[in-house]
Each structure stands twice: as structure tokens, then as C-alpha cells.
Amino acid sequence: MLTITLLGTAATMPLPDRALTAAAAECVGHSLLFDCGEGTQAAARRAGVNLMKLDAICLTHYHGDHIFGLPGLLQTLGCQGRTRPLALYGPAGLDAIWPALRTLTGPLPYPIRARQLDKDPVDLAAFGWPAGAQLLPILTRHRVPSRGYALTLPRAGRFLPEKARALGVPVADWKKLQHGETVQVREWEVTPAEVLGPPRRGLKFVFSGDTAPCPALEAAAQDADLLLCDATYAEPEQEAQAKQYGHSTFGQSAALAARAGAKRLWLVHYSPMITEPEECLHFAQGTFPQAECGFDGKQLTLQFEEEPHG
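Since the structure is predicted, the reported quantities are computational estimates derived from the model, not experimental observations.

Colleague: Explain unusual backbone geometry to me, please; I cannot follow it from the model alone.
Modeller: What you tend to see is this: most non-glycine residues have negative phi, and most peptide bonds are trans. Not every positive phi belongs to a glycine, and Val28 is a case in point at roughly 40 degrees. According to the relative accessible area criterion, Val28 is exposed, its value standing at 61%. Its identity as a non-glycine residue notwithstanding, His269 has a phi of 65 degrees, on the positive side. As for its placement among the helices and strands, His269 is situated in the loop between strand E14 (265-268) and helix H10 (282-285). Among the residues examined, His269 registers a relative accessible area of 4% and is labelled buried.

Next up, the structure:
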């Protein structure tokens, strides 16, 4: 399962009830943070998200409302006794941004591994996530180099005990095969593929960052269980303004989610002009009924689909 928590939904400036952009994804004791706007630490505390579990911080771009929470957060993790490495991902420009942030944080008692992401996915199993879990950067359309992110958790096929028995695998080794390990049975090896059925549908979470609608985001959001998408502007009449500044409207995000066949859409990154997002939700739900307004602290646990019995 995968738990998504919205920590901030504001664009440009924080409001009394709306922190700047950030979201957390948690899975079996590990987590990722997507963007880190001002106030992320306080928002995480309110939402019950433990940022000490972070394996990586994934930055969509380097505008201040997405990164100004970083120096304080990195210092706090050090004060709380973190010693294990932390990855820092982002688009082009990270080689200049990270030294500047490092100047603000001062020495840290744990290493930061900063890495520019272009197209290649990150294997999250290296951090201890389930085998096959991946973080895929998405080339998005903003005024500066930007990336969205797709987080995928695959699901292996159903374990077939009859095949394991036929191959002579001891019951004690069944779990190893279920977890993707090869086991030794007398003089030969048995691989998971020999005792598992066809792969089952996994989970996909997509975080757009700041972007105008674009083909790469739409492709990455295909069949997503949850899409968090830029909704800086509410009304259809603001589409030209959204395009000028590299953002999306409620309706444009909804149309993209519909074309992609996403299961759910959370609208995020509201302009300060949008004081009551729910009053504008009809602009999205007319196109995509599963659209919802994101708000600070909103949380959802994505579960693997139940399979029919018999």
C-alpha cells in the first residue's frame, strides 16, 4: 500500500490555512517528499508525517515557493539525529541550487546525495522499498526547467503453491520466492517466475508540479491511481494566463486526468486568488467527476486491487 499526504497546496505565498507546496508518499517505513515549500515541517507535524523516514526529496523546479522550506528541514533532520544519507533529486540547475542551499544549512551530520534527473527512473528498492518500485521523472512544461514525478509500485503474480511443491521447494522458502528471491533446491535454483502467476496491477501515484498541460504528463498519468495536478487558476477564461505562466486551470487538469484514464484527481497549487477552492470545483467535475479539491492534511492510502475469489 501507498499513503499520500498533502502537506501544502498554496502557490506563491502561504496563507493562514494553506502552506506552500509539498506532498509525502509513504510505504512500509519509507517515504519520499515532493517539493518543500515554506512551512513544510509544521504541516508535516500537523498531518502526523514523520520526515525522519525520508529517503529522498524530489524537487519539481527551483522557484522559491517550492524550495524555501528545505534549509530548515535539513537542519532539523540533523538535530534529530539523522546519520543515514538523504537523496535530493531535481531537474537541470541542481548543481547550482544545492551549493547555495548548503551554505544556508551549514554542516550536516548526514550526507546529501544530489542528483539531476532527466529521463532515467530511480530504483527505489535500493532504499529498501519493495522490489521493482520506481520513481520516474516527467518532463513538464513550466517557465523554467521542471519535472513531475510518477511513483510506481509493481505487484508480482499470485504465488502458486502447487508449482512450488512440484519443484520440491520447502515451505520455509516460499516467502523468499514471493519477495522476488531465488532459492536453492538441492542442486538447482528455483526463480520466482517459476512459481508465480502473471503480474497483477500495481499502484501509480503522479505529482505534476507546476506545469501547463503537456503530452509527457498525460502519458505518465495513464491509469494512475491518484494524480496530483497543478490547478493554479480556476476559471476557463484564465487559460491564456495559465499558459503564459506555465500553469493549468481546474478544467485543464480535469481534461488531462480524463484523457489519461486516471482513477482520482486532486487539484493543488492554488493561486492566492482562490480563497474557496470547493466553490470552483464544478469547473473540474464537469469533465472529470472524480476530481477533488486538495487541502493541507488530506490523506489517502492506496491499496492493491482486490481479486475475485474462485
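Colleague: Sorry if this is basic, but what is going on with the environment of Phe295 here?
Modeller: Topologically, Phe295 is positioned in the loop between strand E15 (291-293) and strand E16 (299-302). With a relative accessible area of 46%, Phe295 lands in the partly exposed category. Through-space distance from the C-alpha of Phe295 to that of Ala24 is 13 Å; in sequence the pair is 271 residues apart. Look past the residues within four positions of Phe295 in its chain and what remains in contact with it is Leu6 and Thr9.

Colleague: Is there a simple way to think about the pairing of strand E8 (residues 134-139) in this case?
Modeller: Where a strand is regular, its side chains alternate between the two sheet faces. For strand E7 (residues 122-123) and E8, the ladder comprises 2 bridges, and the chain directions are antiparallel. Among the inter-strand pairings, Val122 is bridged to a residue of E8, identified as Leu135. Direction of pairing for E8 relative to strand E9 (residues 147-155): antiparallel, over a ladder of 6 bridges. Counted as the bridge partner of Gln134 is Thr152 from E9.

Colleague: Can you walk me through helix H1 (residues 40-47) in this structure?
Modeller: Quick reminder: α-helices carry 3.6 residues per turn. Residues three or four places apart thus point the same way. All of the buried residues along H1 are Thr40, Ala43 and Ala44. With its buried residues spanning 100 degrees around the axis, H1 presents them on a single face. Residues of H1 that are exposed and angled more than 90 degrees away from the buried face: Arg45 and Arg46. At its buried positions, H1 is contacted by strand E1 (2-8), strand E2 (22-27) and strand E3 (30-34). Once H1 finishes, Gly48 follows within two positions and takes phi at roughly 75 degrees, a positive value.

Colleague: Help me understand the sheet that holds strand E5 (residues 86-90) in this model?
Modeller: Within a beta sheet, neighbouring strands are joined by backbone hydrogen bonds and run either parallel or antiparallel to one another. What the 7 strands build is an open sheet, ordered E6-E5-E4-E3-E2-E1-E16; its pairing is mixed. Strands with a single pairing partner mark the edges of an open sheet, and in this sheet they are strand E6 (112-116) and E16. Along the sheet, successive strands turn relative to each other by an average axial angle of 20 degrees, direction set aside. In the sheet, E2 pairs with E3 via 5 bridges, with the strands oriented antiparallel. Bridge pairing links Cys27 to His30 in E3. Each of E3, strand E4 (54-58), E5 and E6 touches helix H3 (residues 70-79); the most contacted strand, E4, lies at about 170 degrees to it.

Calculation rules
- Residues numbered from 1 in each chain as written.
- Predicted model: local features only at pLDDT ≥ 70, side-chain atom pairs only at ≥ 80, totals over all residues.
- Heavy atoms only, no water.
- Buried < 20%, exposed > 50% of the residue type's maximum accessible area, 1.4 Å probe, protein only.
- Helix = DSSP H or I, 4+ residues; strand = E, 2+ residues; numbered from the N terminus.
- Contact = heavy atoms within 4.5 Å.
- Pairing = 2+ DSSP bridges.
- Arc of directions from axis to C-beta.
- Axes fitted to C-alpha atoms, helices over the stretch in contact; angles between N-to-C directions.

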